[in-house]
Amino acid sequence: MASGGPDGGAAAVPAPVVAAAVPDASAGAAPVVVAAAAAPPAPPAEAAQAAAKEGNGGGASGGGGGGSAKATMVKVVKGARDVHPASMAIRRDVFAAVEGVFRRHGAVAIDTPVFELRETLLNKYGEDSKLIYDLADQGGEVLSLRYDLTVPFARYMATYKLTNLKRYHIGKVYRRDQPAMARGRYREFHQCDFDIAGAYAPMVADAEVVTVLVELLAALAAPSAAHAAVFGRFTIKLNHRGLLDAIFTVCGVPADLLRPVCSAVDKLDKLPWAKVCAEMVDVKGLDAAVADRVGTYVTRPAATLPALVATLRADDALCAAGAAAALDDLDTLAGYLSAMGAAGPVRLDLSLARGLDYYTGLIYEAVLTSPKGSCLGSVAAGGRYDTLVGSFSSTPVPCVGCSLGIERALALFEKASLGVGGVRENATQVVVATVGKGLLTERMKVAAELWAGGIAAEFGYAETVKVNKAVAGADRAGVPLVVIVGEEEVGRGVVQMKVLKERRQEEVPRGGMVAAVREALEGLRVNGAATEGGSPAGGAAKA
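Everything numeric in this text was worked out from a predicted model, so none of it was measured. For every chain, the first residue of its written sequence is number 1, and the numbers climb from 1 along that sequence. For a predicted model such as this one, the threshold for reporting local features is a pLDDT of at least 70, and the threshold for listing and counting side-chain atom pairs is 80 or more; totals across whole chains, interfaces and linings nevertheless cover every residue. Only hydrogens and water are removed before side-chain values are computed, so all heavy atoms of the structure are retained for them.

Quick look at the overall build of the protein chain
Where helices and strands are cited, they refer to DSSP runs of H or I of at least four residues and of E of at least two residues respectively, numbered from the N terminus. The helix and strand tally for the protein chain stands at 17 helices and 17 strands. To sort residues, take the accessible area from a 1.4 Å probe on protein chains only and compare it with the maximum for the residue type: under 20% means buried, over 50% means exposed, and anything in between is partly exposed. Counting every position in the protein chain, which comprises 543 residues, the buried fraction comes to 50%. Should any heavy atoms of two residues lie within 4.5 Å, those residues are counted as being in contact. For the protein chain, long-range pairs separated by at least 24 residues make up 71% of all intrachain contacts whose partners lie at least 6 apart in sequence. For the protein chain, the accessible surface area stands at approximately 23300 Å², while carbon and sulfur atoms represent 57% of it. Values of accessible area rely on a 1.4 Å probe in the Shrake-Rupley scheme; residue burial ignores everything except the protein chains shown.

Examining the pairing of strand S10 (residues 362-369)
Buried residues dominate S10, accounting for eight of its eight residues. Of the two faces of S10, the one holding Leu362, Tyr364, Ala366 and Leu368 and the one holding Ile363, Glu365, Val367 and Thr369 are both buried throughout. By the bridge criterion, seven bridges tie strand S8 (residues 234-240) to S10 in an arrangement that is antiparallel. Note on S10: the bridge partner recorded for Lys237 is Glu365. Pairing of S10 with strand S11 (residues 375-384), which is carried by seven bridges, proceeds in the antiparallel orientation. Paired with Ala366 across the bridge in S11 is Ala380. Strands are labelled as partners when DSSP assigns at least two bridges between them. Hairpin connection from S10 to S11: five residues lie between these consecutive antiparallel strands, with Gly373 at a positive phi of about 95 degrees.

As for the packing of aromatic side chains
Each Phe, Tyr or Trp ring, with Trp reduced to its six-membered ring, pairs with another whose centre is within 6.5 Å; inter-plane angles below 30 degrees give stacked pairs, above 60 give edge-to-face pairs, and intermediate values give tilted ones. Across all of its chains, the model carries ten aromatic pairs by this definition. Both rings, one in Phe102 and one in Tyr168, keep their centres 5.5 Å apart while their planes meet at 40 degrees; by these two values the pair is tilted. Within this pair, whereas Phe102 is found in helix H2 (residues 85-104), its partner Tyr168 is found in strand S6 (residues 165-174), the two being separated by 66 residues in sequence. Tyr168 matches Phe102 in its accessibility class, with the two residues each being buried. Clustering of aromatic rings is evident, with ring pairs tying together Tyr125, Tyr147, Tyr358, Tyr359 and Tyr385. Across from the ring centre of Phe153, 4.2 Å away, lies the NZ or CZ of Arg167, which sits over that ring. The criterion for a charge sitting over a ring is simple: Lys NZ or Arg CZ within 6 Å of the ring centre, and within 35 degrees of the ring normal. Sitting above the plane of the Tyr147 ring, Arg175 keeps its charged end 3.9 Å from the centroid.

Considerations on H2
Three- or four-residue spacings in an α-helix give side chains the same orientation, since the helix completes a turn every 3.6 residues. One less than the residue count of a helix, multiplied by 1.5 Å, gives the span that helix is expected to have. When the terminal C-alpha atoms of H2 are compared, their 28 Å separation across 20 residues agrees well with the 28 Å that a helix rising 1.5 Å per residue should span. What H2 keeps buried is the set Ala86, Ser87, Ala89, Ile90, Arg91, Val94, Phe95, Val98, Val101 and Phe102. Phi turns positive one or two residues past the end of H2, at Gly106, with a value near 85 degrees.

Regarding the side chain of Asn239
Within the fold, Asn239 resides in strand S8. The exposure class assigned to Asn239 is buried, which follows from its relative accessible area of 0%. What Asn239 contacts, discounting residues up to four positions off in sequence, is Leu244, Leu348, Asp349, Leu350, Ser351, Leu352, Gly361, Leu362 and Ile363.

Details of the nonpolar core
Definition used in this section: a nonpolar core is a set of buried Ala, Val, Leu, Ile, Met, Phe, Trp, Tyr and Cys residues joined via side-chain atoms within 4.5 Å. Core analysis: the largest hydrophobic core is formed by 107 residues, its most contacted members being Ile236, Leu238, Leu243, Phe248, Leu330 and Tyr364. The contacts of Phe248, once residues within four sequence positions are left out, are Val253, Leu258, Val261, Cys262, Val265 and Val294. With 23 residues, the next largest nonpolar core counts Ile455, Met497, Val499 and Ala516 among its residues.

Things to note about the sheet that holds strand S13 (residues 430-435)
Across the sheet, which stays open at both edges, the five strands sit in the order S14-S13-S15-S16-S17 with mixed pairing between neighbours. Lying at the two open borders of the sheet, with one neighbouring strand each, are strand S14 (457-459) and strand S17 (504-509). Across the sheet, the axes of successive neighbouring strands diverge by a mean angle of 30 degrees, strand direction being ignored. Here three bridges tie S13 to S14, and the two strands are oriented parallel to one another. Residue pairing across strands places Val432 opposite Phe459, the latter belonging to S14. Axes here mean lines fitted to C-alpha atoms, for a helix over just the part in contact, with angles spanning 0 to 180 degrees between N-to-C directions. Along the sheet, helix H15 (residues 467-477) makes contact with S13, strand S15 (481-486) and strand S16 (494-499), crossing S13 at roughly 170 degrees.

Notes on the environment of Met88
With respect to the helices and strands, Met88 occurs in helix H2. Look at Met88 and you get partly exposed, because its relative accessible area is 43%. Here the alpha-carbon distance between Met88 and Val423, two residues 335 residues apart in the chain, equals 10.0 Å.

Looking at unusual backbone geometry
If you check the backbone angles, Lys161 has positive phi at about 55 degrees while not being a glycine. Tracing the backbone through its elements, the reader meets Lys161 in the loop between helix H4 (150-159) and S6. Looking at Lys161, the relative accessible area reads 73%, which means it is exposed. Positive phi values are uncommon outside glycine, yet Met203 reaches one of about 70 degrees. On the secondary structure map, Met203 appears in the loop between strand S7 (188-197) and helix H5 (204-221).

Things to note about the packing of helix H11 (residues 305-313) against helix H12 (residues 316-339)
Viewed as axis vectors pointing N to C, H11 and H12 meet at an angle of 160 degrees, and their least axial separation amounts to 9 Å. Between H11 and H12, the angle falls in the class roughly antiparallel. Where H11 crosses over H12, the two elements pack in a sense that is left-handed. For the pair H11 and H12, the contacting residues are Leu305, Pro306, Val309, Leu312 and Arg313 in the first and Asp316, Leu318, Cys319, Ala324, Leu327, Asp328, Leu330, Asp331, Leu333, Ala334 and Leu337 in the second. By the convention adopted, Pro, Cys, Tyr, Trp, Phe, Met, Ile, Leu, Val and Ala count as nonpolar, Lys, Arg, Asp and Glu as charged, and the other residues, Gly among them, as polar. Of the residues that constitute the contact of H11 with H12, the class distribution is twelve nonpolar, no polar and four charged. Note on terminology: angles under 35 degrees are roughly parallel, angles over 145 are roughly antiparallel, angles of 65 to 115 are roughly perpendicular, and the others are oblique. For any pair of crossing helices, the crossing counts as left-handed if the nearer helix is rotated counterclockwise from the farther one by less than a right angle, and right-handed if it is rotated clockwise.

Here's the deal with the side chain of Glu208
Along the chain, the position of Glu208 falls in helix H5. Residue Glu208 is classed as buried on the basis of its relative accessible area of 17%. Between N or O atoms, a polar contact is any pair within 3.5 Å; within protein, one atom must be a potential hydrogen donor and the other a potential acceptor, and residues adjacent in sequence are included only when both atoms are from side chains. In terms of polar contacts, Glu208 uses its side chain to reach the side chain of His105, at 2.9 Å. Setting aside residues no more than four positions away along its own chain, Glu208 makes contact with His105, Lys166, Ile196 and Met340.

Comments concerning H11
Of all the positions in H11, only Leu305, Leu308, Val309 and Leu312 are classed as buried. Buried residues of H11, viewed axially, fall in a sector of 100 degrees; they line one side. Tucked into the core, H11 has its buried residues touching S8, helix H7 (241-251), H12 and strand S9 (346-348). What the arc covers is the set of directions going from the helix axis to the C-beta atoms.

Things to note about the pairing of S6
The side chains of a regular strand alternate, first on one face of the sheet and then on the other. Counting buried residues in S6 gives seven out of ten residues, a clear majority hidden from the surface. Where S6 meets S7, ten bridges bridge the pair, whose relative direction is antiparallel. The residue bridging Tyr174 from the neighbouring strand is Glu188, located in S7.

The structure is reproduced here in structure tokens:
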């Protein structure tokens, strides 16, 4: 369920920290992990020359244009970012954890084009419609880049005349916003959506989606104490569009100003009430007395669902204005969340408005909090949208969903991961080394046998590599095993297997090498040692 908040807003999030693998100056050495604030530092001149020599047969340049080519500006476009190997390793782990939660709840994956017909996206996002990227007309269909994953999902449901589907979608979206890279706001970013489409008993699907939100943040907090310190404290702020509309009605907001006023209230997480009130009056044209009455509701402190619902039920005027049905929904939701063990972090917050036009019922937002309870920023949001599919089809399909603003979560997750020792950039499990000269092809054969056995392995590219350097490079890179072969081992049909963490070496038959490696890796897993990418270590080992 995409939203205008998690990646389009301005919640303060640290800039991503990048663990970059920088080649050592000596030939054949493994990369060394360094921490950088943005792009990795340039390698030393000697390493750059060595890399060019190895990759291009000793040529001085890989550019093909010689020295006469005119220099051009090379940069990342505004609002986007290159993702370095260590960051990609973290993304892989985070996406796997997120996808695991979605699949655990029975969702299936879909994908849609990154561009849609412009008319598909128009009039769906309220004031944020101005942030849609329009593509140049090529004399065919008039297209725009997708702003979120929700409207394309509704179009997908209508296109194939589907009436129920539990789906997840992880993909990039685009917003022509003013980027704030240091605060995690980009023009191109990923969203991770989970939606349930179909007509079901009230609040059943809604409760599962909120439970998914709780589980997503718990999954991000799970890897270590450092991750728990970032993601372990959170609140699911929740409200209901029917309740908001009743509040606006009882306060005297004209019908034609309901959505503009709702959009203004949605800014209360970033602005004080005085500024939001001024916008209502000076920009939206709301009467000042009416704005003051709205303030008596939307500035109330958030509370647990049962507590605040009970207070609002005592407001006869509010219930008469249409709030009773929304309060019934919230009561039902509270019971379902309690049954699924997800009620703890949920709070009813009347200031939550969610400015997108397509929401029709329950709305929610996940915010990380400090030890003192202050808000550190939104990382996920969503709500119910029962009429969106019907805007593309004669058959309306009720939907509810949530969206994890993954770029902000990734920036925080990355910082936490580096805080516990760095990040492995690859999943190498074995480095193949040889003793003696002229055994490059033998290293290739051993590596090929390991690959055929489903084991991630690398071998040194140099004609001759010192075995001590290969072992040191593997150890530095966090690779758990080294398989060593020399002329003697080739003649006897054996290999030497070195388990680096345990500082032991054993001789195993060449024919049983794959089984022995698997057994050793399994033993390391049982004993808690990491054997795949994502563990604290360096990059690939190029012995």
